[in-house]
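Coordinate inspection notes
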Amino acid sequence: RKVYMAKNAQVDFDSDESAVVDESSLEQALKREVPTSDLDNVEQNREGAAGFVVPRDFVMLPSKGVIYPIDSPLHGLEEIEVRHLTAQDEDVLTSRSLLRSGKALDAVLNNVILNKSVKADKMISGDKNAILTFLRITGYGPEYVVQIDCPSCGADVKHEFDLSTLSMRFLDVSPIAAGENRFEYKLPSGNQIHFKFLTTEEENAISDQLEKAKKMTNSPFDSNVTTRLKHQLVSVNGDDNHATINQFVDVMSVRDSRAFRKYFDDIEPDVLMKQDFDCPHCGHRGEVDIPITVGFFWPDSES
């Protein structure tokens with residue numbers, strides 16, 4: 001089945017080929033025009049007091065709603081309707097502390113998502129990133145200027161990325177059961193694991209856990225890899241006991257850990273935040289990760 005989006009960009013969800021959107025901009029891939037009849041049926045944010053209409057679009061979800069429970073409003077949702085950013089949303093986004101903590105972004109997402117039964121912290125990161133990138137492009141434009149370190153010479157370079165040319169990776173593997181955020185993978189050691197994609201709520205819990213552990217131990221090292229693995233894995237060789245999972249992760253071989261993390265990164269539904277970079281100092285040219293700074297939603301701020 002073909003899903004048609006703005007400017008006739010297409011994604012074939014039934015294709016066996018790569019699910020990454022190619023040859024179309026992210027702005028094309030994330031939205032489609034909303035029929036007038038649909039607008040008439042939406043009461044919230046439909047018109048202001050003077051009859052002004054706030055634009056809205058449908059944003060494609062990289063997960064296609066596959067991983068959400070059957071009783072979730074996100075279950076089976078391939079796209080979600082959102083309104084564009086307004087000056088009132090900027091009131092939230094101009095709070096530096098809220099923005100850095102992530103609370104501002106969730107507050108804005110809960111405001112712009114028209115289905116109020118959907119909560120931002122229950123979404124996986126990739127689906128949130130799709131909406132946030134769409135809001136950034138439509139609200140502030142696709143130009144994103146940020147300081148990055150050249151991977152070759154290490155020079156600090158101010159570079160402008162074009163967010164409208166980014167691609168999306170759609171979920172292309174099936175969960176072990178419909179409506180369940182549970183996938184399987186066989187490690188090089190032969191152990192069979194089940195894992196899940198993390199929601200914002202779970203990501204925040206990991207950050208809090210790491211911060212508390214660092215304060216308690218006063219150690220310059222952290223346990224980011226093992227802590228994340230303990231939250232991602234839901235069973236080992238059919239055993240879903242938390243104690244078993246924790247013990248397994250603590251003695252997990254580097255080979256198994258790296259193999260799983262690479263597999264996870266390769267299939268995770270998300271916006272692909274990578275783009276070509278040319279260093280004006282050493283001439284290095286290559287693909288780099290686009291750093292997300294305060295300037296992503298505050299273009300006039302220092303990165």
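Our structure's up above, just so we're on the same page.
Residues numbered from 1 in each chain as written. Predicted model: local features only at pLDDT ≥ 70, side-chain atom pairs only at ≥ 80, totals over all residues. Heavy atoms only, no water.

1. So, the nonpolar core
Note the following rule: Here the nonpolar core consists of buried residues drawn from Ala, Val, Leu, Ile, Met, Phe, Trp, Tyr and Cys, with membership extended through side-chain atoms lying within 4.5 Å. Using a 1.4 Å probe on the protein chains alone, a residue whose accessible area is under 20% of its type maximum counts as buried, one over 50% counts as exposed, and one in between counts as partly exposed. Two residues qualify as a contact provided that any one of their heavy atoms is within 4.5 Å of a heavy atom in the partner residue.
Counting 61 residues, the largest nonpolar core has I80, I131, F195, F197, L233 and F260 as its most contacted members. Those residues within four positions of L233 in sequence are excluded, and the remaining contacts are I193, H194, F195, I245, F248, V249 and F260.

2. A word on the sheet that holds strand 10 (residues 233-236)
The condition that has to hold: Pairing between two strands is assigned when DSSP locates at least 2 bridges connecting them. The helix count covers DSSP runs of H or I at least four residues long, the strand count covers runs of E at least two residues long, and both are numbered beginning at the N terminus. Interaxial angles span 0 to 180 degrees and are taken between N-to-C directions of axes, which are lines fitted to C-alpha atoms, for helices over the stretch in contact.
If you walk across this open sheet you meet the three strands as 8-9-10, and the pairing is antiparallel. The open sheet has two edge strands with one neighbour each: strand 8 (183-186) and strand 10. Each adjacent strand pair in this sheet contributes to an overall mean axis angle of 25°, direction not counted. Sitting on the sheet, helix 10 (residues 254-267) is in contact with strand 8, strand 9 (192-195) and strand 10, with an inclination near 40° to strand 9.

3. Section: helix 6 (residues 125-140)
Convention followed: The span expected for a helix works out to 1.5 Å for each residue beyond the first.
Taking 1.5 Å as the rise per residue, helix 6 with 16 residues should run 22 Å; its terminal C-alpha atoms sit 21 Å apart, in good agreement. Burial runs high along helix 6: twelve of the 16 residues are buried. Here helix 6 has its buried residues at S125, G126, D127, K128, A130, I131, L132, T133, F134, L135, R136 and I137. Of the residues trailing helix 6, G141 is marked for its positive phi of about 100°.

4. Comments concerning the pattern of salt bridges
To be explicit about the condition: For this analysis, a salt bridge means a side-chain nitrogen from Lys or Arg found within 4 Å of a carboxyl oxygen belonging to Asp or Glu.
Evaluation of the coordinates by the stated rule reveals twelve salt bridges. A salt bridge links K128 to D106; its shortest N-O distance comes to 2.5 Å. Placement of K128 in helix 6 and of D106 in helix 5 (residues 103-112) is noted, with a sequence separation of 22 residues between them. Judged by relative accessible area, D106 falls into the buried class, the value being 13%.

5. As for the environment of Q88
Structurally, the position occupied by Q88 is in helix 3 (residues 87-93). Q88 sits in the exposed class, given a relative accessible area of 65%. Sequence spacing of Q88 and V108 is 20 residues, and the spatial spacing of their C-alpha atoms is 9.5 Å.

6. Remarks on the packing of helix 8 (residues 224-232) against helix 9 (residues 242-250)
Let me state the cut-off plainly: It is the rotation of the near helix from the far one that decides the hand of a crossing: anticlockwise by less than a right angle makes it left-handed, clockwise makes it right-handed. Gly counts as polar in this scheme, as do all residues outside two lists: the nonpolar Ala, Val, Leu, Ile, Met, Phe, Trp, Tyr, Cys and Pro, and the charged Asp, Glu, Lys and Arg.
Where helix 8 contacts helix 9, the axes come no closer than 9 Å and their chain directions differ by 145°. Helix 8 and helix 9 meet at a crossing whose hand is right-handed. For the pair formed by helix 8 and helix 9, the contact residues are T226, L229 and K230 on the first element and I245, N246, V249 and D250 on the second. Looking at the contact of helix 8 with helix 9 residue by residue, the class counts come to three nonpolar, two polar and two charged.

7. Observations regarding the packing of helix 5 against helix 6
Here is the rule we go by: By definition in this entry, angles of less than 35 degrees are roughly parallel, angles greater than 145 are roughly antiparallel, angles of 65 to 115 are roughly perpendicular, and the rest are oblique.
At their nearest, the axes of helix 5 and helix 6 sit 11 Å apart, and the two run at 80° to each other. Taken together, the axes of helix 5 and helix 6 are roughly perpendicular relative to one another. Counting all contacts with helix 5, which are made through L105, D106, L109 and V112, the residues of helix 6 involved are K128, I131, L132 and L135. When the residues that make up the contact of helix 5 with helix 6 are grouped by side-chain class, the tally is six nonpolar, no polar and two charged.

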